[in-house]
Amino acid sequence: MRIDTRMDIDEYFTKMVRLASLRGACIRRKTGCILVNDRNHVIATGYNGRSSGVRNCLQDPCGGSEMDSGLGLERCEAIHAEANALLQCPDVFTIKTVYCTTAPCIHCVKLLTNTSCDRVVFLDTYPHESESEKLWIKSNPLRLWEHCPEQLDFIGEQR
């Protein structure tokens, strides 16, 4: 059987970022992040969870585990997926696009504005997202902030 279509690059990376999020170790939300260069090569991945070597929230819930998403961040011990991806990135000045399962929070946007990234693509919205978007655009009006909700399930079948 011949296949006449090819998955577009955004769909490819949004499926990949959803896969990365499955490693997340937070009770409230599992998130993933993929950093991509200008040749559409993955340069780093990240997912949310406590520091390496510390029991994760699935095993030992932190103080923020029972709070609604976007609230009590000072009690949450998880390192966000974007921060973990940036920690893995060999050179933050090669980042072209960031793919996230959830819109980056204001703290992660602050980190991302200090890179060469000019495009953020995310699947799900996040509380206070408008403030994150404002800061992203303020840092450089040419930067893009794109909500790209999934149209297909994980294996590519129509919902």
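Up top is the structure.
The paragraphs below set out a description of the structure included in this document. The structure displayed is predicted, hence computed values, not measured ones.

## Quick word on the packing of aromatic side chains
Throughout the structure, instances matching the rule amount to three aromatic pairs. Considering the side-chain rings of Tyr12 and Phe13, the 5.0 Å spacing of their centres and the 65 degrees angle between planes classify their relative orientation as edge-to-face. The exposure class assigned to Tyr12 is partly exposed, which follows from its relative accessible area of 40%. Here Phe122 and Trp145 contribute two aromatic rings whose centre-to-centre distance is 5.3 Å and whose plane-to-plane angle is 55 degrees, an arrangement assigned as tilted. In this pair, Phe122 sits in strand β4 (residues 119-124) while Trp145 sits in strand β5 (residues 144-147), placing the two residues 23 residues apart along the sequence.

## Some details on the pairing of strand β1 (residues 32-36)
Most of β1 sits out of view: five of its five residues are buried. Side chains of β1 alternate between two faces, with Gly32, Ile34 and Val36 and Cys33 and Leu35 buried alike. In the sheet, β1 pairs with strand β2 (residues 42-47) via five bridges, with the strands oriented antiparallel. Its bridge partner lying in β2, Cys33 is registered against Gly46. Between the antiparallel neighbours β1 and β2 lie five residues, among them Asn40 with a positive phi of about 60 degrees. Strand direction decides the pairing type here: β1 and strand β3 (residues 97-102), joined by four bridges, are antiparallel. Its bridge partner lying in β3, Ile34 is registered against Tyr99.

Here is what the cut-offs are and how they apply
- Residues numbered from 1 in each chain as written.
- Predicted model: local features only at pLDDT ≥ 70, side-chain atom pairs only at ≥ 80, totals over all residues.
- Heavy atoms only, no water.
- Phe/Tyr/Trp six-rings, centres within 6.5 Å; stacked < 30°, edge-to-face > 60°.
- Buried < 20%, exposed > 50% of the residue type's maximum accessible area, 1.4 Å probe, protein only.
- Helix = DSSP H or I, 4+ residues; strand = E, 2+ residues; numbered from the N terminus.
- Pairing = 2+ DSSP bridges.

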